[in-house]
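Coordinates in review
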Amino acid sequence: MDKLRKMVEGEGNTFWSYLGCELVGADENEVRIALQAGPQHTNVMGIVHGGVLTSLMDQAMGMVAMGSRQMQSCVTTNLNVHFLSAMRQGALEVKARILHQAGRTITTEAEVRNGEGTLGCISTATFRVLHKQPTD
């Protein structure tokens, strides 16, 4: 968790900070992040935009993928999302975990729940572990 926390602490000008994410907990098998959804996260219908929810799940799944590989860089190669319930402004929590690893491929899943525990959406994703770049 310390390595993931250090990674996001330095993210002052990135999509992570733009969204307003917070790391809640992490280990090599699971990552939990939170977002206090506000009006800037909603669409014209007043519900949290699907792109925000998808971004949250992709972020959490990418973090658990990297955490499972001692912080090796990973990129999303496939992402599937199912929207189940409208999410409104307020507390949201994302939980992501590893489903399977083989070679340089990691398969993950995530879910988003609101403060009342309502399941808003689920996702699966595949990540590719990048080759380490040689250092000069």
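Everything numeric here is computed off the predicted structure, so don't read it as measured data.

Section: the overall build of the protein
- When its secondary structure is counted, the protein shows 3 helices and 6 strands.
- Out of the 136 residues in the protein, the part that is buried amounts to 38%.
- A sequence separation of at least 24 residues applies to 63% of the contacts in the protein between residues at least 6 apart.
- When the accessible surface of the protein is split by element, carbon and sulfur atoms take 49% of a total near 7,600 Å².

With respect to the layout of surface pockets
- If you add up the space inside the second largest pocket, you get close to 160 Å³.
- Glu30, His82, Lys95, Ala96, Arg97, Glu109, Ala110, Glu111, Ile122, Ser123 and Thr124 are the residues that line the second largest pocket.
- Looking at the lining of the second largest pocket, the elements with two or more residues in it are strand 4 (90-102), strand 5 (105-114) and strand 6 (119-129).

Re the pattern of salt bridges
- Scanning the entire structure with this criterion turns up 4 salt bridges.
- Between Glu93 and Arg32 there is a salt bridge; the shortest N-O distance is 3.6 Å. Remark: Arg32 occurs in strand 2 (residues 30-37) and Glu93 occurs in strand 4; sequence separation between them is 61 residues.
- With a relative accessible area of 32%, Glu93 lands in the partly exposed category.
- Given the relative accessible area of 27%, Arg32 is considered partly exposed.
- A salt bridge links Glu111 to Arg113, with the shortest nitrogen-to-oxygen separation between them at 2.8 Å.
- Judged by its relative accessible area of 31%, Arg113 is partly exposed.
- Several salt bridges converge on common partners, so that one network encompasses Glu30, Arg32 and Glu93.

Let's talk about the nonpolar core
- By size, the foremost hydrophobic cluster in this structure holds 33 residues, and its most contacted members are Val31, Ile33, Leu56, Leu92 and Val94.
- Looking at this core, the elements with two or more residues in it are helix 2 (15-19), strand 1 (21-26), strand 2, helix 3 (50-68), strand 4, strand 5 and strand 6.
- Apart from residues lying up to four places away in sequence, Val94 is in contact with Val31, Arg32, Ile33, Leu56, Met57, Ala60, Ala110, Glu111 and Val112.

Focus: the pairing of strand 4
- Inspection of the sheet shows strand 2 paired to strand 4 by 8 bridges, in the antiparallel sense. Among the inter-strand pairings, Leu35 is bridged to a residue of strand 4, identified as Leu92.
- Here strand 4 folds back onto strand 5, and the loop between the two strands holds 2 residues, one of which, Gly103, carries a positive phi near 60°.

Observations regarding the sheet that holds strand 2
- Strand order in the open sheet formed by 6 strands is 1-2-4-5-6-3, with antiparallel pairing between adjacent strands. Either end of the sheet is taken by a strand with one partner, and the two such strands are strand 1 and strand 3 (74-83). Neighbour to neighbour, the strand axes of the sheet diverge by 20° on average, direction disregarded.
- In the sheet, strand 5 pairs with strand 6 via 9 bridges, with the strands oriented antiparallel. What sits directly across from Glu111, in strand 6, is Ile122.
- Seen against the sheet, helix 3 touches strand 1, strand 2, strand 3, strand 4, strand 5 and strand 6 and runs at an angle of roughly 45° to strand 4.

What counts, and where the lines are drawn
Residues numbered from 1 in each chain as written. Predicted model: local features only at pLDDT ≥ 70, side-chain atom pairs only at ≥ 80, totals over all residues. Heavy atoms only, no water. Helix = DSSP H or I, 4+ residues; strand = E, 2+ residues; numbered from the N terminus. Buried < 20%, exposed > 50% of the residue type's maximum accessible area, 1.4 Å probe, protein only. Contact = heavy atoms within 4.5 Å. Areas by Shrake-Rupley, 256 points an atom, 1.4 Å probe, with all protein chains shown as cover. 1 Å grid on protein atoms, 1.4 Å probe; cavity = no way out; pocket = protein on both sides within 12 Å on 5 of 7 lines; lining within 4 Å. Points joined across faces, edges and corners; volume = space filled by probe spheres on them. Salt bridge = Lys/Arg side-chain N within 4 Å of Asp/Glu carboxyl O. Core = buried A, V, L, I, M, F, W, Y, C linked by side-chain atoms within 4.5 Å. Pairing = 2+ DSSP bridges. Axes fitted to C-alpha atoms, helices over the stretch in contact; angles between N-to-C directions.

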